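For reference, the chains in residue letters:
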Amino acid sequence: MLPNIDNLAPLRADEINRVRDIYIPLSRVDGNRTLALNLQSAVAYLGEPHARRLLDPADPDVTSHALGLADGLDQKLQSGRSRCRVTAGAKTFRAQMGQHAHGADVHLRVLPSEVPLLSQLDMDPLWRDLMLAEGLFAGGLVLIAAPHGQGKTTSASSLIATRLQRYGGLANTFEDPIELPLQGVWGAGGVCIQREVSLGDPSGFSGAMVDALRQYPATGEATILFIGEIMDAATALEAVKAAANGHLVVATMHGRGIEAALRRLTLLCCAGADNVSESSVRAMIAEVLRGVFHQRLAWTLDRTDWSAARVEGEVVWSPEATSSLAEAIRSPDGTRLPAEVAHQQKLRERDASRYLNMMNVRSGA
């Protein structure tokens, strides 16, 4: 049992639809050969700090929900996957295996059943204008960074779906696992192909990207690659190369701020590029980077649709390789970057329309 779990209030039947995350410790059974779910210690989160006990034997509806989830999850666990999708009733979860102080565990996050368009997300209109910028037809790299659980994938998927619906084109995604349902036709001319890539595959995301690039039809502009998460050197380097070749590359990264995300991208590219100096890597990133969004979610618990969480945070933008942001990235060890981030924030706060004009952003949003 999870120590002191009885201190938590049990999940009520009327709260099931509000569950966003579930934590379940695992036990070893059958002579340590098989992992089993310890539902008595499962914890549910509703998007607020106070957790709930997932299993309440006194409530048949909650118990039925927990057991249905356990059936689907148990099959995935026995297959040996450490990351996967699990469907239980009307909900689909992303499952991630991990380790705690006394053994293994699994964390589940509810995945949306549809992809919202940018107009459905509660975010600064200026962010929408940047994400729909016509200048991105020429390609470039757009990063969406945040800590865990702050909606990076939802924002990135919404960007892709909205651009496909508005402008047409072709998008390929590379995800482990696939999260939001992007595959299909968007609008009158946009198409998305989703590709699930296991991090355990020898070639990983980078190999899948190389293969997909060879399959792109001659569509000209409006080609998009979505990388579910940049986690390794090869993927980081391939993302920058694809952006340099004229594709719009949208990628998520973990990071506690814009500077931290760019620093991590630089270090990963350095690790993946043999005999290339850090200054050369910074110059390469400065050439292709178009924007970095660092976001966090501010939950409003009395709403249940996409407006239940407001997307907040910071953004920096670079319309071209000679911009002030590009020059800041090229500066020795990125020493000018903090000042540029602060400068752009002041410009936006003073006059958002002027900021967009300075960034040469036209979107028709």
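Relevant structure appears above.
Residues numbered from 1 in each chain as written. Predicted model: local features only at pLDDT ≥ 70, side-chain atom pairs only at ≥ 80, totals over all residues. Heavy atoms only, no water.

Draft legend 1. Spatial organisation of unusual backbone geometry. Looking along the chain, the bond that leaves D176 and enters P177 is cis, with omega of -10°. Position of P177 relative to the elements: it lies in the loop between strand 10 (169–175) and strand 11 (184–186). Even without being glycine, N360 reaches a positive phi, approximately 55°. One can find N360 in the segment after helix 10 (352–358). (Helix = DSSP H or I, 4+ residues; strand = E, 2+ residues; numbered from the N terminus.)

Draft legend 2. Representation of helix 1 (residues 60–78). Counted at 1.5 Å a residue, the expected span for helix 1 with its 19 residues is 27 Å, and the 27 Å between its end C-alpha atoms agrees. Inspection of helix 1 places V62, T63, H65, A66, L69, A70, G72, L73 and L77 among the buried residues, and these make up the whole buried set. In this structure, the buried residues of helix 1 make contact with strand 1 (21–29), strand 2 (34–37), strand 5 (83–88), strand 6 (91–100) and strand 7 (103–111). One side-chain oxygen at the N-terminal end of helix 1 lies 3.0 Å from the backbone nitrogen of D61; it belongs to D59. Directly after helix 1, the chain includes G80, whose backbone phi takes a positive value near 90°. (Expected span 1.5 Å × (residues − 1). Buried < 20%, exposed > 50% of the residue type's maximum accessible area, 1.4 Å probe, protein only. Contact = heavy atoms within 4.5 Å. Polar contact = N/O pair within 3.5 Å; in protein donor to acceptor, adjacent residues only side chain to side chain.)

Draft legend 3. Highlighting the packing of helix 6 (residues 258–272) against helix 9 (residues 337–350). Two elements in contact, helix 6 and helix 9, have axes whose closest approach is 10 Å; the angle formed by their N-to-C orientations is 135°. For the element pair helix 6 / helix 9, the angle class is oblique. For helix 6 against helix 9, the interelement crossing comes out right-handed. Judged by residue contacts, I258, E259 and L262 of helix 6 engage L337, P338 and V341 from helix 9. Residues that form the contact of helix 6 with helix 9 fall into these classes: five nonpolar, no polar and one charged. (Axes fitted to C-alpha atoms, helices over the stretch in contact; angles between N-to-C directions. Parallel < 35°, antiparallel > 145°, perpendicular 65-115°, else oblique. Left-handed = near helix turned anticlockwise from the far one by under 90°. Nonpolar A, V, L, I, M, F, W, Y, C, P; charged D, E, K, R; others polar.)

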